[in-house]
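One letter stands for each residue in the lines below.
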Amino acid sequence: MNNIMNVNDKLATFNDNFSDSADLTEVAGRSLWQDARIRLMRNKAAVVSMIILSIITLMAIFAPWLSSHPFDEVYWDFIQVPPNAAEGFWFGTDENGRDLFVRTLYGARVSLMVGLVATTMSLVIGVVYGAVAGYMGGRIDNIMMRFVDILYSLPFMFFVIILMVIFGRNIYLIFVALGAVEWLTMARIVRGQTLAVKKKEFVEAAHASGVSTTKIIFRHIIPNILGPVIVYMTLTIPQVILTESFLSFLGLGVQEPLTSWGVLISEGAKVMESAPWMLAFPATFLAITLFCFNFIGDGLRDALDPKDR
Amino acid sequence: MNENSIILEVKNLNTRFDTPDGEVAAANEISFTLKKGESLGVVGESGSGKTQIFMALMGLLAKNGKTTGEAIFKGQNILGLPVKELNKVRGVSLSMIFQDPMTSLNPYLKVSRQMTEVLIEHQGMSQKKALERSIEMLELVGIPEARKRVHMYPHEFSGGMRQRVMIAIALLCEPDLLIADEPTTALDVTIQAQILDLLHDLKDKLGMSIVMITHDLGVIASMCDHVMVMYGGRVVETGSVQALFSDAKHPYTRGLLQSMPRIDGDHNEDLYAIPGQPPNLQALPQGCAFQPRCQYATNLCQQERPQTTEFDAGRTASCHQLSSAFHASSPVKNNPVNVVEGVL
Amino acid sequence: MFSYILKRLLTAIPTLLIIITIAFFMMRIAPGGPFDQERQLPPEIEANILKAYDLDKPVHEQYFIYLGKLLQFDFGPSYKFRDFSVTELILSGLPASFQIGGLAILLATFIGIGLGTLAALYQNQKTDYAIMGVAMTGIAVPNFVAAPILSLVFGVYLAWLPVAGWGDGAARNLVLPVISLALPQIAYIARLTRGSMIEVLHSNYIRTARAKGIRERLVVICHAIKGALLPVVSYLGPAVAAVTTGSVVIESIYDIPGVGRYFVNAALNRDYPLVMGVVIFYATLILLMNLIVDVVYSFLDPKLRVSG
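Residues numbered from 1 in each chain as written. Chains lettered and ligands numbered in written order. Predicted model: local features only at pLDDT ≥ 70, side-chain atom pairs only at ≥ 80, totals over all residues. Heavy atoms only, no water.

1. Brief notes about the overall build of chain B
Which entries qualify depends on this criterion: Each helix is a run of DSSP H or I of at least 4 residues and each strand a run of E of at least 2, with the numbering of both proceeding from the N terminus. Based on C-alpha atoms, the radius of gyration is set beside the globule rule, defined as 2.2 Å times the residue count to the power 0.38. Only protein chains enter the accessibility calculation, which uses a 1.4 Å probe; a residue whose area is less than 20% of its type maximum is buried, one above 50% is exposed, and one in between is partly exposed. Should any heavy atoms of two residues lie within 4.5 Å, those residues are counted as being in contact. For the accessible areas, the method is Shrake-Rupley and the probe is 1.4 Å, while residue cover comes only from the protein chains on display. The charge count treats Lys and Arg as positive and Asp and Glu as negative. His and the chain ends do not count. Think of each charge as sitting on NZ of Lys, CZ of Arg, CG of Asp or CD of Glu.
Within chain B, the secondary structure is distributed over 14 helices and 12 strands. Radius of gyration (C-alpha) of chain B: 21 Å, near the 20 Å computed for a compact globule of 344 residues. The principal-axis extents of the C-alpha atoms in chain B amount to approximately 65 × 45 × 45 Å. The buried share of chain B, taken over its 344 residues, is 56%. Once local pairs closer than 6 in sequence are excluded, the contacts in chain B between residues at least 24 apart make up 64%. For chain B, the accessible surface area stands at approximately 14500 Å², while carbon and sulfur atoms represent 48% of it. In chain B, 31 side chains carry a positive charge and 38 a negative one; their mean positions are 6 Å apart.

Shown next, in the form of structure tokens:
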């Protein structure tokens, strides 16, 4: 699965020294990103994951049109019935007689939305914070990173739970809380990368030839730290989705009549003996989504950072 | 074994790497022999395949690497030997030291441990005896306060000292052949000379053969009896140091010699540089691999790969233009004999 | 070494103080006092009660009183369980929580490292794919999904093990909670071990060890494992944090009388002092674990040992 590797890197790793990989790449005339894309496309698990995720996303977006049942309508004649294609209850109904198929898709909306928004938030905070710390260096860097270290050792999950308890269970709060938790690692990664790139010859060369700082940051530094950032972002999304489901499972996340996979799983777990489908469908959707994001993240990492893993 | 006995004979060795972009031939049809007590210099650009030949001998190729051919070391073919059998040879009669002494020692183990384990494994020595022997060896390679330093971790040594430790480890079982893969490339110039001197001394003292892999002709001139020049995964020229430096036949060898700076040269003249890029092993040019960079290239060079010809005793070269006019008439402008003498 | 531990201990104190401070003031911001939900009390009785709990004093004074009591491991009264203090509740939950949490960490560490090493040694072969497939499942199937499924399969369908319950810590009752708690961590540790082991096995010093003709088994055991385990050791801090968080839901799924279950109930009942008490308790635990991990790490890495 991870056998994607460019010959140049392989030779560089086991051969004489690293300069020849640069030379060979130049001759081959492919950019780093093109190389990465080719490697990613060779990774079957990642490609299949991307396809599946696209399907789930499309299903989530078009949920209202995919089922004849509204997500909050109660069918008194169909309380907790198993999957029933004739009536259009493809995933069965829950204990309140609501269509599980459309509710699972609405759960997907919440999960994907949380994943996207909270990750974007963590991305923005983390990249700005990390880039500033890394680029400024010295004392400022020291203080900023010490602050991150302290935050790191806080048991954030518990604070998020307290937040949810005290300030009500509202979805926007989840976005903010999870985004605020996840930016720490991003900041560390960005800072480390910025520090490394800053010392590279091409940045020094740009400095020496009088290129402006803004231009250096946007033309030289950001493109070169993008790889790890994208990889980490892809791995943050499932993390956030998982955390939201965890909170919802505990009853601290999304509230009725809206739903999320965590809520559905929690409801399903309570009646799993009599109505296993109520657990099976949302759990499967959650697991598949997490699978896909992780496979894509791994694939991206292997594609952008080709060590033989 | 008499003085002139052959210690290593490599026949038609090929090394291939399987990669997603196709198979890469790192070394092709390599054949050479090495006599006891002699030293061979292997020279070539990065990626010319010079290291991979010896990684193959040591069984150290990456997992996707394959080797065919034969390498008779002390009467035994060591290519494709199972690891268990190979371990009776590696570190015992055949040792190797590497380019980067900073990362070649295990940072988590004391030097004593990294040395004694060799003696315990191969010679069944007791811990105490092995430690004594290790200290002796460290003293031999010029580590001051060896008795104290043997109990330190690698990061407490400087780069040059680490390379000395590497050499000490390699020599613990008094090997018949030491392969040195660019042992001085990562070191400061002053340290480089010290390490080369050390190797030179040890070679005489222990009577072992040395293979010196390098891209530095100066190193070869000062250390080796024979030279093997590699380009694009093939041997392009061989010969004794004297013969090859004074009368290089292959245009690539000539280019290498000309591109060496000389103290007594004309300082107003530009230093010669071989035009073009080192070859991409995945997409070697048709015909002779050097042909795109060669000023003497003809149609024939572009179509057919030249055969290796032995044109003199112990001298071979792979070039279509061997017999043509330029070799006979035009001596290398930057007469390399002076280079050799200058370095020696 | 000693000075290093001392230094780390000293840096842990401000962190702990920050945690306590945030927790305290969040509790003050939280709507509803301890006795609001009850029917209207006569003013003088209410004043007495407030006084008994020091709620009549200014906030900063309350803060210092709270700190002082914390030093004596007194987390204050619980709103919900009137007859118990938070400290008593936490103490009563400790044995169960420590048992399943500790066992889960042990299980995760040993199995994770074993599987990861195996996968690395058979990199890109069937063994590797199988182990990494299982590991990916462990990551993609959250423990609040795995727990009910395990309980359904082994408790209900096969009836080999109890569906839930503590049974005074009988081994039968421990199996499923410990496994559900350990699964994701086994997966993470296995992936981590595999990655770092592969990196180490490709490192120059392993090449040197092989060139020395050392047996492959010794190369792995003596030369590779130490370097490969460093990232795993530093992951143990976060692992403990994850297991603690996980135990919150696992304990409620399996109905285990641990600290975690109290936490969920307290959160749902808005029993603020209990929530805060548990958070402070867990935070201290995690900080302590991080400290231990750092010390162990510096002990394993000779470069740190000398300079530290």
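There's plenty left to go through after this.
2. Describing the overall build of chain A
Within chain A one finds 13 helices and 0 strands. Its helices and strands in sequence order give chain A the pattern α-α-α-α-α-α-α-α-α-α-α-α-α, from N to C terminus. The burial tally for chain A puts 53% of its 309 residues in the buried class. Taking contacts inside chain A between residues at least 6 apart in sequence as the whole, the part at least 24 apart equals 70%. For chain A, the computed accessible surface area is about 13300 Å², with 66% contributed by carbon and sulfur atoms.

3. Thoughts on the confidence of the model for chain A
All names here are of chain A. Where we set the bar: Scored from 0 to 100, pLDDT records how confident the predictor is in each individual residue.
Averaged over chain A, the pLDDT score is 77; the fraction of residues at 70 or greater is 86%. Here helix H1 (residues 7-14) stands out as the element of chain A with the lowest mean pLDDT, 35, in contrast to helix H4 (residues 44-61), whose mean of 89 is the highest. Between residues 1-28, whose pLDDT stays under 50, and residues either more than four places distant or in other chains, the model counts 78 contacts.

4. A word on the environment of B:Leu281
Tracing the sequence through the fold places B:Leu281 in the loop between helix H11 (251-258) and helix H12 (299-303). When the C-alpha positions of B:Leu281 and B:Ala25 are compared, they lie 6.7 Å apart, and in sequence the two are 256 residues distant.

5. Brief notes about the side chain of B:Ser209
All names here are of chain B. Note the following rule: Here a polar contact means two N or O atoms within 3.5 Å. Within protein one must be a hydrogen donor candidate and the other an acceptor candidate, and residues neighboring in sequence count only if both atoms are side-chain atoms.
You can see serine 209 is positioned in strand E8 (residues 209-214). A polar atom in the side chain of serine 209 sits 3.2 Å from the backbone oxygen of lysine 35. When sequence neighbours within four positions are dropped, the list of residues in contact with serine 209 reads Ile7, Leu34, Lys35, Lys36, Gly37, Glu38, Asp176, Leu177 and Leu178.

6. A word on the sheet that holds strand E9 (residues 226-231) of chain B
Residue and element names in this part refer to chain B. Here is the rule: DSSP-based pairing: two strands are paired if at least 2 bridges between them are found. For every element, the axis is a line fit to its C-alpha atoms; helices are fit only across the contacting stretch, and the angle between N-to-C directions ranges from 0 to 180 degrees.
An order of E6-E7-E8-E3-E9-E10-E12-E11 is seen for the 8 strands of this open sheet, with the pairing classed as mixed. With one partner strand each, in any of the chains shown, strand E6 (94-97) and strand E11 (308-312) form the two edges of the open sheet. Between one strand axis and the next, the sheet turns through 20° on average, direction left out of account. Alignment of strand E3 (residues 39-43) against E8, held across 5 bridges, turns out to be parallel. Within E8, the residue paired with serine 39 across the bridge is isoleucine 210.

7. Describing the interface of chain C and chain A
The following threshold applies: As a working definition, buried area equals the accessible area (1.4 Å probe) given up by two parts on being put together, with both sides summed. What makes a salt bridge here is a side-chain nitrogen of Lys or Arg within 4 Å of a carboxyl oxygen of Asp or Glu, nothing more. Ten residue types, Ala, Val, Leu, Ile, Met, Phe, Trp, Tyr, Cys and Pro, are classed as nonpolar, four, Asp, Glu, Lys and Arg, as charged, and the remainder, Gly among them, as polar.
Of the residues lining the interface, 51 residues belong to chain C; the matching set on chain A comes to 42 residues. Both sides of the chain C and chain A interface together cover about 4100 Å² of buried area, and 75% of this is carbon and sulfur. Its largest share of buried area at the contact with chain A, chain C owes to C:Met26, C:Met136 and C:Phe144, together 15% of the area lost on that side. Joining chain C to chain A, the criterion identifies 1 salt bridge. C:Arg191 is paired through a salt bridge with A:Asp298; the nearest N and O atoms lie 2.9 Å apart. Run the count over chain C and chain A and you get 1 residue pair in polar contact (both at pLDDT 80 or more). For the side of chain C that touches chain A, the element with the most residues is helix H11 (residues 272-300) of chain C, which contributes 9 residues. Tallied by class, residues from the side of chain C that touches chain A come to 37 nonpolar, 10 polar and 4 charged.

8. Concerning the state of the cysteines
Put simply, the rule is: Two cysteine sulfurs form what is called a disulfide whenever their separation falls within 2.5 Å.
All chains considered together, the criterion is met by 0 disulfides over all chains. Just so you know, C:Cys222 is unpaired, no disulfide at all, and the nearest cysteine sulfur is the one on B:Cys173, 17 Å from it.

9. Some details on the packing of aromatic side chains
The test is simple: Between 30 and 60 degrees the pair is tilted, below 30 it is stacked and above 60 it is edge-to-face, where a pair is any two Phe, Tyr or Trp rings, Trp via its six-membered ring, whose centres lie within 6.5 Å.
This model, assessed by the stated rule, comprises 19 aromatic pairs over all chains. Relative to C:Phe144, the ring of A:Phe249 has its centre 5.0 Å away and its plane inclined at 35°; by these criteria the two rings are tilted. Here A:Phe249 is found in helix H11 (residues 213-249), whereas its partner C:Phe144 is found in helix H6 (residues 143-157) on a different chain. Both residues of the pair, A:Phe249 and C:Phe144, count as buried.

10. Focus on the environment of B:Glu237
Residue and element names in this part refer to chain B. Within the secondary structure layout, glutamate 237 lies in strand E10 (residues 234-240). Note: C-alpha distance between glutamate 237 and serine 318 (81 residues apart in sequence) is 6.4 Å. Ignoring sequence-local partners within four residues, the contact set of glutamate 237 consists of Val227, Met228, Val229, Leu244, Asp247, Ala248, Lys249, His250, Thr253, Arg315, Thr316 and Ala317. A distance of 2.8 Å separates a polar atom in the side chain of glutamate 237 from a polar atom in the side chain of threonine 253.

11. Quick word on the pattern of salt bridges
Residue and element names in this part refer to chain A. On inspection of all chains with the given rule, the structure shows 25 salt bridges over all chains. Note that aspartate 141 and arginine 191 form a salt bridge whose closest N and O atoms lie 2.6 Å from each other. With aspartate 141 in helix H7 (residues 138-152) and arginine 191 in helix H9 (residues 171-198), the pair connects residues that are 50 residues apart, well separated along the chain. Residue class for aspartate 141 comes out buried when judged on its relative accessible area of 7%.

12. What about a nonpolar patch on the surface?
Residue and element names in this part refer to chain A. Test applied: The residues that make up patches have over 30% relative accessible area and no salt bridge, and they are joined within 9 Å when like-charged or within 5 Å when they are Val, Leu, Ile, Met, Phe, Trp or Tyr.
A cluster of nonpolar residues, Val124, Ile125, Val128, Val132, Met136 and Ile140, forms a patch on the protein surface that exposes about 490 Å² of accessible area. Of all the elements, helix H6 (residues 100-136) adds the most residues to the nonpolar patch, at 5 residues. Residue placement: isoleucine 125 occurs in helix H6.

13. What about the packing of H7(A) against H9(A)?
Residue and element names in this part refer to chain A. For clarity, the threshold we go by: By definition in this entry, angles of less than 35 degrees are roughly parallel, angles greater than 145 are roughly antiparallel, angles of 65 to 115 are roughly perpendicular, and the rest are oblique. In this scheme the handedness of a crossing depends on how the near helix is turned from the far one: anticlockwise by less than a right angle means left-handed, clockwise means right-handed.
For the pair H7 and H9, interaxial distance at closest approach is 10 Å and the crossing angle is 150°. In terms of orientation, H7 lies roughly antiparallel with respect to H9. The two elements H7 and H9 cross, and the hand of that crossing is left-handed. Seen from H7, the contacting residues are Asp141, Met145, Val148, Asp149, Leu151 and Tyr152; seen from H9, they are Trp183, Leu184, Thr185, Ala187, Arg188, Arg191 and Leu195.

14. Observations regarding the packing of H4(A) against H6(A)
Residue and element names in this part refer to chain A. Here H4 crosses H6 at 110°, and the two axes come no closer than 8 Å. When the axes of H4 and H6 are compared, the pair comes out roughly perpendicular. Contact residues: Ile56, Thr57, Met59, Ala60 and Ile61 in H4; Phe101, Leu105, Ala108, Arg109 and Leu112 in H6. Among the residues making up the contact of H4 with H6, the classes are represented as 8 nonpolar, 1 polar and 1 charged.

15. What about the nonpolar core?
Test applied: Working definition of a nonpolar core: buried Ala, Val, Leu, Ile, Met, Phe, Trp, Tyr and Cys residues. They are joined through side-chain atoms within 4.5 Å.
Within the largest apolar cluster, 116 residues are counted, with the highest numbers of intra-cluster contacts made by A:Ile161 and C:Phe144. Not counting chain neighbours up to four residues away, the residues in contact with C:Phe144 comprise A:Leu242, A:Ser245, A:Phe246, A:Phe249, A:Ile265, A:Leu286, C:Val249 and C:Ile253. Among the nonpolar cores identified, the runner-up in size contains 104 residues, and B:Leu138, B:Val141, B:Ala168 and B:Leu171 belong to it.

16. Focus on the sheet that holds strand E5 (residues 76-77) of chain B
All names here are of chain B. Strand order in this open sheet of 4 strands is E2-E1-E4-E5, and the pairing throughout is antiparallel. If you trace the sheet from one side to the other, it starts and ends with strand E2 (22-35) and E5, each paired once. Here strand E1 (residues 6-19) runs beside E2; their pairing, made up of 10 bridges, is antiparallel. Bridge pairing in E2 links phenylalanine 17 to valine 24. Packing of helix H1 (residues 50-58) onto the sheet brings it into contact with E1, E2 and strand E4 (65-73), and relative to E1 it is tilted by some 105°.

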